[in-house]
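# Examination of the molecular architecture
One-letter residues, chain by chain:
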Amino acid sequence: MPHVPVHRRLIPLAVSVLATCAVTAFVVVPASASTLQNTTVPRPAAAPQGPSVAAPTDAPAAVRSSAPAKVASQAVNATLPVDHACSSTLRIRAQRMSSQQLSSVCTSLAGQTAFFHNVVKSNNQPVSGDNNTSLEVVVFDSSSEYRRLAGSLYGISTNNGGTYLEGNPSAPGNQARFVAYRDETRSAFTVKNLNHEYTHYLDGRFNMYGDWNANISTPTLWWIEGLAEYVSYGYLRQPNTWAAGEALRQTYALSTLFDTTQQHDQDRVYAWGYLAVYYLVENSPADVAKILGHYRTGSWQAARTYIKQNIGTRYDADFRRWLLT
Ligand SMILES: [Zn+2]
């Protein structure tokens, strides 16, 4: 690690901090949008069960889901006139972005790639069968524009902070894409959840074999969302005050977090996912390597067995102590 990723021991604020955090609820991705040529099985609905503190109504969550692979190019071109190639593998489509804003997003994502690979020790080797060599980042000009247009254009629900659409990474012509928006609550140009969402792309390509439905065939959400938070906060060197506040409550045992699913609340999925990943990456990298070895080959049950039996409750006491350090 080039540097300590997160400063989580900060003043544990709650509600006021949450409003600036990523994350929130999961959404259903309809498979019937008329603009889609290829649709996939929608992920199951998981109505947010309500966090233990008030959630922002207009902010949260970057979500990940099964994806439509292609959309009607005519509608996209009319809605998103900005078409900018950061590189041969990264493209931005936007309603309105200046050249400087485009450049800053390109730079942020380019820098994050190396940070990610260093965390997960991927050797820059994509999982077998993953053809998602390129990513398209869609940026709507505000949360209201996202809600107004992204649903019809990409067939996604928009009561969230952005959506990563992996599609079927083994399908020819598949286009990985995340759909995001400018965070109009910030004075400086900011794409909501940019680095969280980008982590989902990298995680899907370099760690998680197959598509979204395969990825969550066992309880892997602690890893998927926890890693996205860990890499995002760490790369940006921002304090995760949400997780810091949760840590003081010592709500969950590490062994419990391994069972997190979409049915659980935002605190558990995001803040506690972050804490679980943070703890394991920094305190037990050999276990992370074992788990990722299974994830990368789609050996979901083997990973599950390792987590439940080899790790089990072994670290629970130390994790509980670590939460207060
Ligand atoms: Zn996410």
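In the block above lies the structure referred to throughout.
Each residue is numbered by its place in its chain's sequence as written, counting from 1. For a predicted model such as this one, the threshold for reporting local features is a pLDDT of at least 70, and the threshold for listing and counting side-chain atom pairs is 80 or more; totals across whole chains, interfaces and linings nevertheless cover every residue. Hydrogen atoms and water are omitted, and side-chain values are computed over all heavy atoms in the structure.

Each helix is a run of DSSP H or I of at least 4 residues and each strand a run of E of at least 2, with the numbering of both proceeding from the N terminus. To estimate the expected span of a helix, count its residues, drop one, and scale the result by 1.5 Å. With 18 residues, helix α10 (residues 266–283) should reach 26 Å at 1.5 Å per residue; the first-to-last C-alpha distance of 24 Å fits that figure. Two axes enter the definition of the bend at a residue: one is fitted to the seven residues ending there, the other to the seven starting there, and the bend is the angle between them. Along α10, the sharpest change in direction is near 35° and occurs at tryptophan 272. Remark: exposure states derive from per-residue accessible area (1.4 Å probe, protein chains only) relative to the maximum for the residue type, with buried under 20%, exposed over 50%, and partly exposed in between. Here α10 lies mainly inside the structure; 16 of its 18 residues are buried. Measuring from the side-chain oxygen of the N-cap residue of α10 to the backbone nitrogen of aspartate 267 gives 3.0 Å; that N-cap residue is aspartate 265. Polar contacts here mean pairs of N or O atoms no more than 3.5 Å apart (in protein, one a potential hydrogen donor and the other a potential acceptor; neighbouring residues in sequence count only if both atoms are side-chain atoms).

We now examine helix α7 (residues 221–236). Over its 16 residues, α7 runs 22 Å from end to end, which matches the ideal 22 Å to within 8%, given 1.5 Å per residue. In terms of residue burial, α7 counts as a mostly covered element, since 14 of its 16 residues are buried. Count one or two residues on from α7 and you reach arginine 237, which has phi positive near 55°.

As a further point, take the side chain of threonine 220. Mapped onto the fold, threonine 220 is located in the loop between α6 (212–215) and α7. Beyond its immediate stretch of four places on either side in the chain, threonine 220 contacts Met208, Asn215, Tyr295 and Trp300. In this description, contact between two residues means that some pair of their heavy atoms is separated by no more than 4.5 Å.

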